[in-house]
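# Structural features, examined
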Amino acid sequence: MEFNNSKRMELINTMVTELPVLRARIGASQADISEKIGISRQTYNYKENGKSLFNIEETARVVSFLNLTFDEINEIFFDNAILK
């Protein structure tokens, strides 16, 4: 799956919007998630704010920690491309 710059920005904007909401839903801080997925809080902050992207292992750990549904994963990390 390849994204042009416009699609990549849409994906980052979705992630920046949705991840804090999902994190708040379970009462987790950035520090909680960063510790659980094995990165520093500062690195997690950069990724949650779209300054850097999660790698596949980090994505899997975030998904597991937040207990995301398939639809949430598809929207946040794949711009609904899985169902297209």
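Structure's up top.
Residues numbered from 1 in each chain as written. Predicted model: local features only at pLDDT ≥ 70, side-chain atom pairs only at ≥ 80, totals over all residues. Heavy atoms only, no water.

### Looking at the pattern of salt bridges
In the structure shown here, the tally under the stated rule is 4 salt bridges. Among the salt bridges present, the one from E58 reaches K47, with a minimum N-O distance of 2.6 Å. On the criterion of sequence distance, the pair formed by E58 in helix α4 (residues 56–66) and K47 in helix α3 (residues 41–48) is long-range, its members being 11 residues apart. Of the charged contacts in the structure, one is a salt bridge between E57 and R61, with a shortest N-O distance of 4.0 Å. One end of the pair, E57, and the other, R61, are both in helix α4, 4 residues apart, so they sit about a helical turn from each other. (Salt bridge = Lys/Arg side-chain N within 4 Å of Asp/Glu carboxyl O. Helix = DSSP H or I, 4+ residues; strand = E, 2+ residues; numbered from the N terminus.)

### Quick look at the packing of helix α2 (residues 30–37) against α4
The interhelical angle for the contact between α2 and α4, taken along N-to-C directions, is 125°, at an axis separation of 9 Å. The orientation of α2 relative to α4 falls into the category oblique. Seen along the crossing, α2 lies across α4 with a hand that is right-handed. Listed contacts from α4 to D32, I33, K36 and I37 of α2 are R61, V62, F65 and L66. Of the residues assigned to the contact of α2 with α4, the class counts are 5 nonpolar, no polar and 3 charged. (Axes fitted to C-alpha atoms, helices over the stretch in contact; angles between N-to-C directions. Parallel < 35°, antiparallel > 145°, perpendicular 65-115°, else oblique. Left-handed = near helix turned anticlockwise from the far one by under 90°. Contact = heavy atoms within 4.5 Å. Nonpolar A, V, L, I, M, F, W, Y, C, P; charged D, E, K, R; others polar.)

### Quick look at the nonpolar core
Residues L19, Y44, F54, V62 and F77 are the most contacted members of the largest nonpolar core, which totals 16 residues. Contributing elements (two or more residues each) for this core: α1 (5–25), α2, α4 and α5 (70–78). The contact partners of V62, leaving out residues within four places of it in the chain, are L19, I33, I37, Y44, F54 and F77. (Core = buried A, V, L, I, M, F, W, Y, C linked by side-chain atoms within 4.5 Å. Buried < 20%, exposed > 50% of the residue type's maximum accessible area, 1.4 Å probe, protein only.)

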